[in-house]
Amino acid sequence: AKSDFVVKGDLTEMLPILTGETLKNPPPTLSKNEILRGAIHIGSFSIPFVCMHLLNHYIVSLIILLTTALYITSEFLRIRGINLPVTSTITWKTARKPELYEIVTAPVLFALGIVLSLILFPTPVNYVPVTILTLGDGFATFFGKTLGRTVLPLNKGKTVEGSAFGFICAFSGALLFINPTKALISSAIGTLVELLPLPINDNLTIPLTTGLALTLIP
């Protein structure tokens, strides 16, 4: 909240800031790895529909957990110089450069957030946190990087435009599972949690807070 600038990608982006050769609000950009990362994030919106039409949500959760275990194993091998054909390639193409020097935990927390949503909350409420996490958070990043101009005062890493589009996309997706009032409330909560500079990763806070709120709403 007190920072003048926030750098999340390549740390060389700090150099123009330190030398004073940057504008107060530099033009937003979206790198190739962020596009692929966002595509995976948003594409996970398909999970509720898989649960509804193909597999039980417990089976889907088990598949996600097994895939996550494979990913964790792949990461331990990658940082030791052993690259698995598929998983390591995805990590190299999607992770931010500073992340590559350690185990990339964001996909693990993302998968865990989805699994907890599916198994902790009743159907169809359990599909809404997944929707807000995948569509809301995913599109907030995409539009924030491409259209974002107005930096939020409480979190310099977020923009008004990104949060607004994230809210609209989350609300639109939530309408597929719950009534408009609950969709509005849950989307608003998810957007608020996403933009706050909380110490806990939003891949966990977004689905858990929205799912809990929906469970408590009569």
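Just so we're clear, the structure is a prediction, and the values are computed from it rather than from any experiment.

## Considerations on the environment of Val151
Move 1: Structurally, the position occupied by Val151 is in strand β1 (residues 151-152).
Move 2: The class of Val151 is partly exposed, set by a relative accessible area of 31%.
Move 3: Along the sequence, Val151 and Gly136 sit 15 residues apart, while their C-alpha atoms lie 18 Å from each other.

## Quick word on helix α6 (residues 106-120)
Move 1: If you check α6, its first and last C-alpha atoms are 21 Å apart, about what 15 residues at 1.5 Å a residue would give, namely 21 Å.
Move 2: Buried within α6 we find Ala106, Phe110, Ala111, Gly113, Ile114, Val115, Ser117 and Leu118.
Move 3: Structurally, α6 contributes buried residues whose contacts are with α2 (32-43), α3 (47-53), α4 (57-78), α7 (127-147) and α10 (202-216).

## Some words on a nonpolar patch on the surface
Move 1: Together, Leu11, Met14, Leu15 and Leu18 give the surface a local cluster of nonpolar side chains, amounting to about 420 Å² of exposed area.
Move 2: Summarising the element assignment, Leu11 is placed in the segment before α1 (14-19).
Move 3: With relative accessibility at 47%, the residue Leu11 sits in the partly exposed group.

## As for the packing of α7 against helix α8 (residues 160-174)
Geometrically, a packed helix pair is captured by the angle between its two axes and the distance between the axes.
Move 1: Where α7 meets α8, the axes come as close as 7 Å, and the angle between the chain directions of the two elements is 150 degrees. Taken as axis vectors, α7 and α8 run roughly antiparallel relative to one another. In this structure, α7 meets α8 at a crossing whose hand is right-handed. In this structure, α7 contributes Val128, Thr131, Ile132, Leu135, Gly136, Phe139, Ala140, Phe143, Gly144 and Leu147 to the contact, and α8 contributes Glu161, Gly162, Phe165, Gly166, Cys169, Ala170, Gly173 and Ala174.
Move 2: Taken together, the residues of the contact of α7 with α8 break down into 11 nonpolar, six polar and one charged.

## Details of the confidence of the model for the protein
Move 1: When pLDDT is averaged along the protein, the result is 88; 94% of the residues meet or exceed 70.
Move 2: Here α1 stands out as the least confident element of the protein, with mean pLDDT 80; α3 is the most confident, with 96.

## What to know about the nonpolar core
Move 1: Membership of the largest hydrophobic core comes to 27 residues, with the highest contact counts inside it found for Ile47, Ile64, Ile114, Leu118 and Val128.
Move 2: When residues of this core are traced back to their parent elements, those giving at least two are α3, α4, α6, α7, α8, α9 (180-195) and α10.

## Section: the side chain of Lys158
Move 1: Tracing the sequence through the fold places Lys158 in strand β2 (residues 155-159).
Move 2: Within the local environment of Lys158, its side chain forms a polar contact with the side chain of Glu194, the two groups lying 2.8 Å apart.

Cut-offs applied
Residues numbered from 1 in each chain as written. Predicted model: local features only at pLDDT ≥ 70, side-chain atom pairs only at ≥ 80, totals over all residues. Heavy atoms only, no water. Helix = DSSP H or I, 4+ residues; strand = E, 2+ residues; numbered from the N terminus. Buried < 20%, exposed > 50% of the residue type's maximum accessible area, 1.4 Å probe, protein only. Expected span 1.5 Å × (residues − 1). Contact = heavy atoms within 4.5 Å. Patch = residues over 30% accessible without salt bridge, like charges linked within 9 Å, V, L, I, M, F, W, Y side chains within 5 Å. Areas by Shrake-Rupley, 256 points an atom, 1.4 Å probe, with all protein chains shown as cover. Salt bridge = Lys/Arg side-chain N within 4 Å of Asp/Glu carboxyl O. Axes fitted to C-alpha atoms, helices over the stretch in contact; angles between N-to-C directions. Parallel < 35°, antiparallel > 145°, perpendicular 65-115°, else oblique. Left-handed = near helix turned anticlockwise from the far one by under 90°. Nonpolar A, V, L, I, M, F, W, Y, C, P; charged D, E, K, R; others polar. pLDDT = per-residue confidence, 0-100. Core = buried A, V, L, I, M, F, W, Y, C linked by side-chain atoms within 4.5 Å. Polar contact = N/O pair within 3.5 Å; in protein donor to acceptor, adjacent residues only side chain to side chain.

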